[in-house]
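# Per-entry structural report
Listed below, chain by chain, are the residues.
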Amino acid sequence: MSKFPDISNLRVKLLKEINDIKSLDQLDNIRVSALGKKGAITSLLKNISSQTIEVRKDFGEQVNALKRQITDEIEICKSALQQAEITKKISQDVIDVTLPLTNTNLENGKIHPISQVTEEIIEIFSDMGFNIAEGPDIEDEHHNFNSLNIPESHPARQMVDTFYLPGKDGNSRLLRTHTSPVQIRTMMREEPPIRIIAPGRTYRSDSDQTHTPMFHQVEGLVIDQDANMGQLKWCLEEFCKAFFEVENIKMRLRPSYFPFTEPSLEVDIACQKDKNRLIVGEGSDWLEVLGSGMVHPQVLRNVNLDPSKYKGFAFGLGIDRLAMLKYGMTDLRSFFDSDLRWLRHYGFRALDIPSLSRGLSE
Ligand code: PHE
């Protein structure tokens, strides 16, 4: 006969119970019945002190071993049950993506006007056969200035306040001041004919109601053997009509100066204030919307294109400005305040993706 209460029956009983378990609740009941305050194993442990000194050690060891074994078994069983529960949930969790949306939070999140307007611009130029190009926000002097015919000593360098980054002398790194360096990168990479637009962020140290240190531009570039001013004018006119969603638009081309275009022009569109609304396309006032011109022969040479063979035109639009005009926002700084009330008011519905066939901004 054993010198202390036999615990092997208890072991067999508990292991069988754990083995037969069907749910996490049942498992927890077993845990309480064995290891809880009044549980079978806990009572055995309490019992140790009533044993004689000789049996205490043996008995204690055995009960502790049983406690460890049962604890481990319960843990193993628990994670198996939890895993099975997850697997079951996943297998039953069917999402039918073809069903119409019900009660979603779609109205809570809005598309920022800048994203909307960028998409609208991309849609219009894609339709005319332009591809989308990209370049880095962190540029070097070479791409942002030198290749665009703006050498170190050129007054145009002082025309904009550039954010320089610490770096190499001679070809300092900077935050691009315009999207025009993407012209250079594209011409270095691709063979003409080239037809691209390049939307993106641009940076200048400037801040007031219509200027923020970070803003957005879209660059346009066409290089071909017979690219000409007539095509430039047509492109811009078609763009303005499509963008402002009007049948006719009165435009004015003014001579201007950019080091990388010759001749250079600035484009104004007619507008009129009607009470508090701005009517775009007609009227007696003028709004400047973009800079443009024929690509300067020196710029073509800088990217190894022969100016006697290839011609090009380029333009640069301010996205933020176009957004303000089209959607009637007056302070550019509020674009970047991340004020949810502003976004909910001026933002666009997530599933209303701009398309020419459906209407850009409906
Ligand atoms: N890069 C010019 C600017 O930021 C705009 C421009 C682009 C002008 C292309 C002419 C041609 O002001």
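What this report covers is the structure whose coordinates are included nearby. (Residues numbered from 1 in each chain as written. Predicted model: local features only at pLDDT ≥ 70, side-chain atom pairs only at ≥ 80, totals over all residues. Heavy atoms only, no water.)

### Considering helix α3 (residues 40-47)
For the record, the criterion: We call a residue buried when its accessible area falls under 20% of the maximum for its residue type, exposed when it is over 50%, and partly exposed in between, using a 1.4 Å probe and counting protein chains only. Strands here mean DSSP runs of E at least two residues long; helices mean DSSP runs of H or I at least four residues long; both are numbered from the N terminus. The reported arc concerns the directions from the helix axis to the C-beta atoms and nothing else. The contact definition used throughout considers only heavy atoms, calling two residues in contact when any of these lie within 4.5 Å.
Restricting attention to buried positions, one finds in α3 the residues I41, T42 and L44. When α3 is viewed along its axis, its buried side chains cluster within an angular range of 160° and face the same direction. As for α3, its buried residues are in contact with α1 (8-19), α2 (24-35) and α4 (53-92).

### Section: the site of the ligand
The condition that has to hold: Residues are classed as near a molecule or strand on a simple rule: at least one heavy atom within 4 Å of it. Side-chain atoms alone can form a polar contact between residues adjacent in sequence; in general such a contact is a pair of N or O atoms within 3.5 Å, and within protein one must be able to donate a hydrogen while the other accepts it. What sets the accessible areas is the Shrake-Rupley method with a 1.4 Å probe; for residues, cover comes only from the shown protein chains.
Neighbouring the ligand are 14 residues, the closest being H178, S180, R204, Q217 and E219. Here S180 contributes a side-chain N or O atom positioned 2.9 Å from a nitrogen atom of the ligand. At a separation of 3.0 Å, an oxygen atom of the ligand approaches a polar side-chain atom of R204. With the chains in place, 90% of the 330 Å² that the ligand exposes on its own is no longer accessible.

### Considerations on the packing of aromatic side chains
As a reminder of what qualifies: Working definition: rings of Phe, Tyr and Trp (its six-membered ring) pair if their centres are within 6.5 Å, and the pair is stacked with planes under 30 degrees apart, edge-to-face with planes over 60 apart, and tilted otherwise. Here, over-ring charges are defined by two tests on the NZ atom of lysine or the CZ atom of arginine: distance to the ring centre within 6 Å, and angle to the ring normal within 35 degrees.
Taken as a whole and assessed by the stated rule, the structure comprises 11 aromatic pairs. Both rings, one in W342 and one in Y346, keep their centres 5.1 Å apart while their planes meet at 45°; by these two values the pair is tilted. Of this pair, W342 and Y346 are both found in helix α12 (residues 340-346), 4 residues apart, which corresponds to roughly one turn of the helix. Exposure remark for Y346: the relative accessible area of 25% places this residue in the partly exposed category. Residue placement shows K326 over the ring face of F243; its charged tip is 4.6 Å from the ring centre.

Note that all results are geometric; they support no functional claim without further evidence.
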